[in-house]
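# Structural overview
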Amino acid sequence: QAQLVESGGGLVQAGGSLRLSCAASGRTLSGYAMGWFRQAPGKEREFVAAISRTGGNIDYADSVKGRFTISRDITKNTVTLQMNSLKPEDSAVYYCAAGLRWTPRGYEYDYWGQGTQVTVSS
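Just so we're clear, the structure is a prediction, and the values are computed from it rather than from any experiment.

### A closer look at the side chain of S91
Tracing the chain through its elements places S91 in the loop between strand 8 (78-83) and strand 9 (92-99). A distance of 3.0 Å separates a polar atom in the side chain of S91 from the backbone oxygen of P88. A polar contact is formed between the side chain of S91 and the backbone nitrogen of V120, at a distance of 2.8 Å. In this view, S91 contacts A40, V118, T119 and V120; residues no more than four positions away in its chain are not counted.

### Re the nonpolar core
Core analysis: the largest hydrophobic core is formed by 34 residues, its most contacted members being M34, W36, L81, M83 and Y94. Not counting chain neighbours up to four residues away, the residues in contact with M83 comprise G16, S17, L18, L20, R67, F68, Y94 and V118.

### Things to note about unusual backbone geometry
Phi at N77 is positive, roughly 55°, even though this residue is not glycine. Summarising the element assignment, N77 is placed in the loop between strand 7 (68-73) and strand 8. Even without being glycine, S85 reaches a positive phi, approximately 50°. Structurally, the position occupied by S85 is in the loop between strand 8 and strand 9. A relative accessible area of 41% places S85 in the partly exposed class.

### Examining the environment of L11
Along the chain, L11 falls in strand 2 (residues 10-13). For L11, a relative accessible area of 67% puts it in the exposed group. Residues L11 and K43, 32 residues apart in the sequence, show an inter-C-alpha distance of 20 Å. If sequence neighbours within four positions are ignored, L11 has contacts with T119 and S121.

### Some words on the state of the cysteines
Put plainly, a disulfide is one covalent bond tying together the sulfur atoms of two cysteines. Applying the stated criterion across every chain, the model contains one disulfide. A sulfur-sulfur separation of 2.0 Å characterises the disulfide bridge that pairs C22 with C96. Taking the sign of the S-S torsion, about 55° here, the bridge from C22 to C96 comes out right-handed. Of the two residues, C22 is situated in strand 3 (residues 18-24) and C96 in strand 9; the sequence distance between them amounts to 74 residues. On the accessibility criterion, C22 (0% relative accessible area) is buried. Its relative accessible area of 1% is what places C96 among the buried residues.

### Details of the pattern of salt bridges
Oppositely charged side chains can pair when the atoms bearing their charge come close. Going through the model one piece at a time under the given rule, you end up with four salt bridges. The shortest N-O distance in the salt bridge between E46 and R38 comes to 2.7 Å. Judged by its relative accessible area of 31%, E46 falls in the partly exposed class. On the basis of relative accessibility, which here comes to 5%, the residue R38 falls in the buried class. Between D90 and R67 there is a salt bridge, and its shortest N-O distance comes to 2.8 Å. Here R67 lies in the loop between strand 6 (58-60) and strand 7 and D90 lies in the loop between strand 8 and strand 9, a separation of 23 residues in the sequence. Among the residues examined, R67 registers a relative accessible area of 11% and is labelled buried. One salt-bridge network, held together by shared partners, links R38, E46, R67 and D90.

Definitions and limits used
Residues numbered from 1 in each chain as written. Predicted model: local features only at pLDDT ≥ 70, side-chain atom pairs only at ≥ 80, totals over all residues. Heavy atoms only, no water. Helix = DSSP H or I, 4+ residues; strand = E, 2+ residues; numbered from the N terminus. Polar contact = N/O pair within 3.5 Å; in protein donor to acceptor, adjacent residues only side chain to side chain. Contact = heavy atoms within 4.5 Å. Core = buried A, V, L, I, M, F, W, Y, C linked by side-chain atoms within 4.5 Å. Buried < 20%, exposed > 50% of the residue type's maximum accessible area, 1.4 Å probe, protein only. Disulfide = S-S within 2.5 Å. Salt bridge = Lys/Arg side-chain N within 4 Å of Asp/Glu carboxyl O.

Dropping the structure here:
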């Protein structure tokens, strides 16, 4: 009964691609800004990407800019993170989050998913 559920994680070799999806249960995401964060073992959680309620504003961490793309599909009530040219340093548990305000790099989102593991081999 999590509010948000991530899927699409897995094991991929360096240079490969993965597509992560975030789906909501019990609510519509259209009224929320959405963000993706990640956390690797022994490291603090870091911002990855965010998209505003209408999709008019998008923000990416410098480390993923040009490689990752965040998008949302209103008809499916989902948010997607397309990850290309993956590097071993991208390995982490990836979390999606929903927030009522546009604070893309902040941690005070209203809802969080349980996370999905992404492992990139060298």
